[in-house]
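Residue strings, one per chain:
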Amino acid sequence: PTRAQHGAVRSSGERPGRTTVVDRYRRVSELGRGAMGLVELAEDLDLQRLVAMKSLAPEEASRPGARERLIREARLGGGMEHPNIVPVHELGMFENGDPFFTMRRLQGRTLAEIFHGHRHKDEELIEEFGRVRLLTVLIQVCMAVEFAHSLGVVHRDVKPGNIMLGDFG
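This write-up is about the structure you can find in this document. (Residues numbered from 1 in each chain as written. Predicted model: local features only at pLDDT ≥ 70, side-chain atom pairs only at ≥ 80, totals over all residues. Heavy atoms only, no water.)

### Some words on the sheet that holds strand S5 (residues 99–104)
Inference 1: Strand order in the open sheet formed by five strands is S1-S2-S3-S5-S4, and the pairing between neighbours is antiparallel. On the outer flanks of this sheet lie strand S1 (25–33) and strand S4 (88–93), each paired with one strand and no other. For this sheet the average axis-to-axis angle between neighbouring strands, irrespective of direction, equals 30°.
Inference 2: Taken together, the five bridges between strand S3 (residues 49–56) and S5 define a ladder with antiparallel strand orientation. Its bridge partner being in S5, Ser55 is matched across the sheet by Phe100.
Inference 3: In the packing of helix H2 (residues 66–78) onto the sheet, contacts are made with S3, S4 and S5, and the angle to S5 comes to roughly 25°. (Pairing = 2+ DSSP bridges. Helix = DSSP H or I, 4+ residues; strand = E, 2+ residues; numbered from the N terminus. Axes fitted to C-alpha atoms, helices over the stretch in contact; angles between N-to-C directions. Contact = heavy atoms within 4.5 Å.)

Quick look at the structure:
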């Protein structure tokens, strides 16, 4: 598949849409932080569903290029439709002009949590996430990475803590 078949990626210099948090989203709680961003649980008031909202961490917002990187991440994610890649729903701006994007809220356990349970002999977890299931997960991760690479996208932070396993995949 070509990039054009999976959604064109525009220049990161273009401004995102005009959706504002006040108009559509109600922040609920923090889900996690990374090197650049903050992910929060948010309620989409229009669609009446919970989503994950990613924005710049406060200490990153003033760094040169940070806004453009977040917009580029949203657009790249929005252009990749794959069952093992989290779909991006929307790209918008906070009232102060900082970008955010929303994506499907994931529920489950990270691969890091599962590995930790295996190391500490958690029998229930070992039974639920046995060798065959973990090998299947590895294959799915490899297929998602291969798909991204076929579009010219490199994740740069593939690690067990960034891989979520739910009840159904």
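After that view, the rundown keeps rolling.
### Structural notes on helix H5 (residues 131–150)
Inference 1: Relative to the 28 Å expected for 20 residues at 1.5 Å per residue, H5 spans 28 Å between its end C-alpha atoms, a close match to the ideal helical length.
Inference 2: Every buried residue of H5 is accounted for by Leu134, Val137, Val141, Ala144, Phe147 and Ala148. For H5, the arc enclosing every buried residue in end-on projection is 140°, short of the 170-degree limit, so these residues lie on one face. Seen from the buried face of H5, the exposed residues on the opposite side, beyond 90 degrees, are Arg131, Val132, Ile139 and Glu146.
Inference 3: In this structure, the buried side of H5 is in contact with helix H3 (111–119) and strand S7 (164–165).
Inference 4: Following H5 by one or two positions, Gly152 has its phi on the positive side, about 80°. (Expected span 1.5 Å × (residues − 1). Buried < 20%, exposed > 50% of the residue type's maximum accessible area, 1.4 Å probe, protein only. Arc of directions from axis to C-beta.)

### Re a negative patch on the surface
Inference 1: Among the surface-exposed residues, Asp122, Glu123, Glu124 and Glu127 lie close enough to one another that they form a single negatively charged patch.
Inference 2: Along the chain, the position of Asp122 falls in the loop between H3 and helix H4 (123–128). (Patch = residues over 30% accessible without salt bridge, like charges linked within 9 Å, V, L, I, M, F, W, Y side chains within 5 Å. Areas by Shrake-Rupley, 256 points an atom, 1.4 Å probe, with all protein chains shown as cover. Salt bridge = Lys/Arg side-chain N within 4 Å of Asp/Glu carboxyl O. Lys, Arg positive; Asp, Glu negative; His and termini not counted. Charge placed at Lys NZ, Arg CZ, Asp CG, Glu CD.)

### Overview of unusual backbone geometry
Inference 1: Of note in the backbone geometry, Gln48 takes a positive phi value of approximately 55° without being a glycine.
Inference 2: Locating Gln48 in the fold gives a position in the loop between strand S2 (37–44) and S3.
Inference 3: What makes Gln48 exposed here is its relative accessible area of 68%.
Inference 4: Even without glycine at this site, Lys121 takes up a positive phi of about 55°.
Inference 5: Classification of Lys121 by relative accessible area gives exposed; the value is 60%.

### A word on the environment of Asp44
Inference 1: Here Asp44 lies in strand S2.
Inference 2: Accessibility expressed as a relative area gives 1% for Asp44, which makes it buried.
Inference 3: Remark: the alpha-carbon pair of Asp44 and Arg26, spanning 18 residues in sequence, is separated by 6.8 Å.
Inference 4: Aside from chain neighbours lying at most four places away, what touches Asp44 is Arg24, Tyr25, Arg49 and Val51.

From the geometry alone we can't say anything about function, so treat these as descriptive.
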